[in-house]
Amino acid sequence: MAPLVLRCQYRGGRRNNLEGLLSSSTVADLLEKIWLMTEVPPHAQRILSGFPPKQLQWKTKDDLLSSVDISYVMLGDTSYASELRNLIAKSVSGDPQTYNPVFLGGSNSDYCNWILDKEHWGGAIELSILSKYYQAEIAVVDTESGRVDRFGEGSGYSNCVYLVYDGIHYDPLAVHSLSDPSNPLQTVFPVGDDTRLTEALEIAAAAKKRRQFTNLSQFSVRCLVCNTLLSGQQATQAHAVSTGHTNFGEV
């Protein structure tokens, strides 16, 4: 089972990585690790997670970390993008037999340099690596076709993340707790949760009806934020990077 690496900030903005935990570790294990790192005993700890930060909730200290929402999708918030890129590059460079030029469409080293560039967006290769690393299925619903691609299916994983793909970028299915809306958004669900898959399909269908998807074979799009007409993936990515706009529709 893959280890968890949690980035912590405490006492006046100090930062450190909290290591040595698994998704099968308990909340009590987490509190003890924090105690050793910060010298703050469990009864005095107040743990915030996610973005915007919200207090972490659990029923008992015996709850597994896999059942506690310590992540946005997998890691807590989007500030971990560079860590994920490094993880993927390390996985690819460490297995040149699997990730060969035929598989990657270029050299192993060129791919690693490419994925480390924050202006480049990943896809199936990256999702397959993350599925293995986090020991979780990743189900991707394609907005235009309604097709569901599953990474890690049949691997015996107990958890699943649902993503909706619009042809350019991926958005996670995130659910509020009806019993306590103050709880963090839930993005990790049990494998085989047909309710969540249905919700992801419904979101994709609604987006398709509004033409909020991009057909890469045709690829003339309009930014739905500022109404700019764009042509090609490179122009669209450059626009997203320079403006922060990520809502595009096919023309």
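Going by an unreviewed UniProt entry, the protein carries the name Ubiquitin thioesterase OTU and comes from Acropora cervicornis. Per UniProt, the protein carries the Function (unreviewed entry) text "Hydrolase that can remove conjugated ubiquitin from proteins and may therefore play an important regulatory role at the level of protein turnover by preventing degradation."

### Overview of the nonpolar core
Counting 20 residues, the largest nonpolar core has Ile88, Val92, Tyr111, Ile138 and Val140 as the members making the most contacts within it. Secondary structure elements with two or more residues in this core: α2 (81-93), α4 (108-115), α5 (124-134), β5 (137-142) and β7 (159-165). Once residues within four sequence positions are removed from consideration, Ile138 is found in contact with Leu127, Leu130, Ser131, Asp149, Arg150, Phe151, Val161 and Leu163. One finds Leu6, Leu21, Met37 and Leu56 within the second-largest nonpolar core, a separate group that totals 14 residues.

### With respect to the side chain of Thr143
By the secondary structure assignment, Thr143 is in the loop between β5 and β6 (148-151). Those residues in contact with Thr143 that lie beyond four places of it in its chain are Val164, Tyr165, Asp166, Ala204, Ala207, Lys208, Gln212 and Phe213.

### Observations concerning the packing of α2 against α4
Between α2 and α4, whose axes approach to 9 Å, the crossing angle comes to 175°. Taken as axis vectors, α2 and α4 run roughly antiparallel relative to one another. On α4, the residues that touch Arg85, Ile88, Ala89, Val92 and Ser93 of α2 are Asn108, Tyr111, Cys112 and Ile115. Considered class by class, the residues forming the contact of α2 with α4 number six nonpolar, two polar and one charged.

### Details of unusual backbone geometry
For Glu39, which is not glycine, the phi dihedral falls at a positive 65°. Structurally, the position occupied by Glu39 is in the loop between α1 (27-38) and β3 (48-49). Of the residues examined, Glu39 reaches a relative accessible area of 60% and is grouped as exposed. Its identity is not glycine, yet Gln135 carries a phi of approximately 55°, on the positive side. In this structure, Gln135 sits in the loop between α5 and β5.

### Details of the pattern of salt bridges
All chains considered together, the criterion is met by four salt bridges. Taking the shortest distance from any N to any O, the salt bridge between Arg150 and Glu137 comes out at 3.5 Å. With a gap of 13 residues between them, Arg150 in strand β6 and Glu137 in strand β5 connect regions that are remote in the sequence. Judged by its relative accessible area of 8%, Glu137 falls in the buried class. Between Arg196 and Asp193 there is a salt bridge, with the nearest N and O atoms lying 3.8 Å from each other. By the burial criterion, Arg196 is buried, and Asp193 matches it.

### Observations regarding the packing of aromatic side chains
Within the structure shown, the criterion is met by five aromatic pairs. Ring geometry for Tyr111 versus Trp114: centroids 6.0 Å apart, planes at 35°, classification tilted. Taken together, the residues span about one helical turn, with Tyr111 and Trp114 both in helix α4 at a distance of three residues. With centroids separated by 4.9 Å and ring planes inclined at 90°, the aromatic side chains of Tyr133 and Tyr134 adopt a geometry described as edge-to-face. We classify Tyr134 as buried; its relative accessible area is 15%.

### A look at the packing of α2 against α5
The geometry of a pair of packed helices is captured by two quantities: the angle between their axes and the separation between those axes. Relative to each other, α2 and α5 sit at 95°, their axes nearing to 10 Å. The angle between α2 and α5 falls in the class roughly perpendicular. From α2, Leu84, Leu87, Ile88, Ser91 and Val92 reach across to α5, where they touch Glu126, Ile129, Leu130, Tyr133 and Tyr134. For the contact of α2 with α5, the residue count by class is eight nonpolar, one polar and one charged.

Here is what the cut-offs are and how they apply
Residues numbered from 1 in each chain as written. Predicted model: local features only at pLDDT ≥ 70, side-chain atom pairs only at ≥ 80, totals over all residues. Heavy atoms only, no water. UniProt positions renumbered as here; feature names shortened; annotations may be inferred. Core = buried A, V, L, I, M, F, W, Y, C linked by side-chain atoms within 4.5 Å. Buried < 20%, exposed > 50% of the residue type's maximum accessible area, 1.4 Å probe, protein only. Helix = DSSP H or I, 4+ residues; strand = E, 2+ residues; numbered from the N terminus. Contact = heavy atoms within 4.5 Å. Axes fitted to C-alpha atoms, helices over the stretch in contact; angles between N-to-C directions. Parallel < 35°, antiparallel > 145°, perpendicular 65-115°, else oblique. Nonpolar A, V, L, I, M, F, W, Y, C, P; charged D, E, K, R; others polar. Salt bridge = Lys/Arg side-chain N within 4 Å of Asp/Glu carboxyl O. Phe/Tyr/Trp six-rings, centres within 6.5 Å; stacked < 30°, edge-to-face > 60°.

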